[in-house]
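# Examining the three-dimensional arrangement
Listed here are the chains, written in short residue letters.
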Amino acid sequence: MIEQFSIAGSTKETKYQSLLKALASLLKDEPDLIANMANVSAAIKEVFGFLWVGFYLVRGEELVLGPFQGSIACSRIKKGKGVCGASWKNEKSIIVPDVSQFLGHIACSSLSESEIVIPIFKNNNITGVLDIDSEHLNHFDETDEKYLSQIVEML
Ligand code: SME
């Protein structure tokens, strides 16, 4: 139930551990992917206060904007384009400490300074990506990658 959604923890690691437990409980009775992506993006934004948290879903040769929390974002990204398209094409997570140094970065917000993108695998195929932007440089590291990867595995 929603009332039971509360996050403990004083470090990034313990916050993620608490978030994982809360999400497991929140997602377990809901089979709808869009509903779960909507709640996951809201939960991550609420706990960490990132600038933008959302999903792009594979639709043919493009990624199409899915559930998100934050400002209006570009609706479609071609395979290989931007950080999201590169993560999809290369089939791996990408941490960008400074978006101005990433060739081809797609700036949906001028406030974004760093970014992390995690691909979502289903039966060895990528079905979408989780994209998170921060207004701070160098905001993401391997701890974020590790726990965000576990979160998308729950979807
Ligand atoms: N910066 C992303 C585009 C999506 S927005 O950040 C929400 C990219 O380069 O793929």
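Report on the accompanying structure.

About the thresholds
Residues numbered from 1 in each chain as written. Predicted model: local features only at pLDDT ≥ 70, side-chain atom pairs only at ≥ 80, totals over all residues. Heavy atoms only, no water. Helix = DSSP H or I, 4+ residues; strand = E, 2+ residues; numbered from the N terminus. Expected span 1.5 Å × (residues − 1). Buried < 20%, exposed > 50% of the residue type's maximum accessible area, 1.4 Å probe, protein only. Arc of directions from axis to C-beta. Polar contact = N/O pair within 3.5 Å; in protein donor to acceptor, adjacent residues only side chain to side chain. Core = buried A, V, L, I, M, F, W, Y, C linked by side-chain atoms within 4.5 Å. Contact = heavy atoms within 4.5 Å. Pairing = 2+ DSSP bridges. Salt bridge = Lys/Arg side-chain N within 4 Å of Asp/Glu carboxyl O. Axes fitted to C-alpha atoms, helices over the stretch in contact; angles between N-to-C directions.

Quick look at helix 4 (residues 142-153) now. Compared with the 16 Å implied by 1.5 Å per residue over twelve residues, the 16 Å span of helix 4 between its first and last C-alpha is a close match. Where helix 4 is concerned, the buried positions are Asp144, Tyr147, Leu148, Ile151 and Val152. Down the axis of helix 4, the buried set is contained in an arc of 140°. They therefore lie on one face. Exposed residues on helix 4 whose side chains face more than 90 degrees from its buried face are Glu142 and Glu153. Looking at where helix 4 begins, the residue whose side-chain oxygen comes 2.9 Å from the main-chain nitrogen of Thr143 is Asp141.

Attention now moves to the nonpolar core. Grouped together as the largest cluster of nonpolar side chains are 27 residues, with contacts concentrated most on Leu19, Ile44, Leu130, Ile132, Leu148 and Ile151. Every element with two or more residues in this core is listed here: helix 1 (12-27), helix 2 (33-48), strand 1 (52-59), strand 5 (114-122), strand 6 (125-134) and helix 4. Counting 16 residues, the second largest nonpolar core, distinct from the first, contains Val58, Val83, Val99 and Ile126.

Right, let's talk about helix 3 (residues 82-90) for a bit. Counting buried positions along helix 3 gives seven out of nine residues, so the element sits mostly inside the fold. For helix 3, the secondary structure elements touched by its buried residues are strand 1, strand 2 (62-69), strand 3 (76-78), strand 4 (94-96), strand 5 and strand 6. Taken from the residues just after helix 3, Glu91 is the one with a positive phi, measuring 55°.

A separate point is the side chain of Ser18. Secondary-structure assignment places Ser18 in helix 1. If sequence neighbours within four positions are ignored, Ser18 has contacts with Ser6, Ile7 and Ala8.

What follows covers the pairing of strand 6. Counting buried positions along strand 6 gives eight out of ten residues, so the element sits mostly inside the fold. The pairing of strand 1 with strand 6 spans six bridges and is classified as antiparallel. The partner of Leu57 across the bridge, within strand 6, is Gly128. Pairing geometry for strand 5 and strand 6, over nine bridges, is antiparallel.

Moving on, we come to the pattern of salt bridges. Pairing of side chains with opposite charge becomes possible as their charged atoms draw close. For the coordinates displayed, the defined rule picks out six salt bridges. As a salt-bridge pair, Asp29 and Lys28 come within 3.3 Å of each other at their nearest N and O atoms. Note on Lys28: relative accessible area 60%, which makes it exposed. In this structure, a network of salt bridges that share partners links the residues Lys12, Asp141 and Asp144.

What follows is about the side chain of Ser87. Secondary-structure assignment places Ser87 in helix 3. Of note is the side chain of Ser87, whose polar atom sits 2.8 Å from the backbone oxygen of Lys92. Beyond its immediate chain neighbours, meaning those up to four positions away, Ser87 contacts Lys92, Ser93, Ile94, Val117, Ile118, Pro119, Ile126 and Val129.

Once that is clear, we can look at the sheet that holds strand 3. The antiparallel open sheet is built from six strands, whose spatial order is 3-2-1-6-5-4. Strand pairing shows two members of the sheet lacking a second neighbour, strand 3 and strand 4, which therefore form its edges. Pairs of neighbouring strands in the sheet enclose a mean axial angle of 25°, with direction left out of account. Bridge count for strand 2 against strand 3 is three bridges, and the pairing is antiparallel. Pairing of Val64 across the sheet is with Arg76, part of strand 3.

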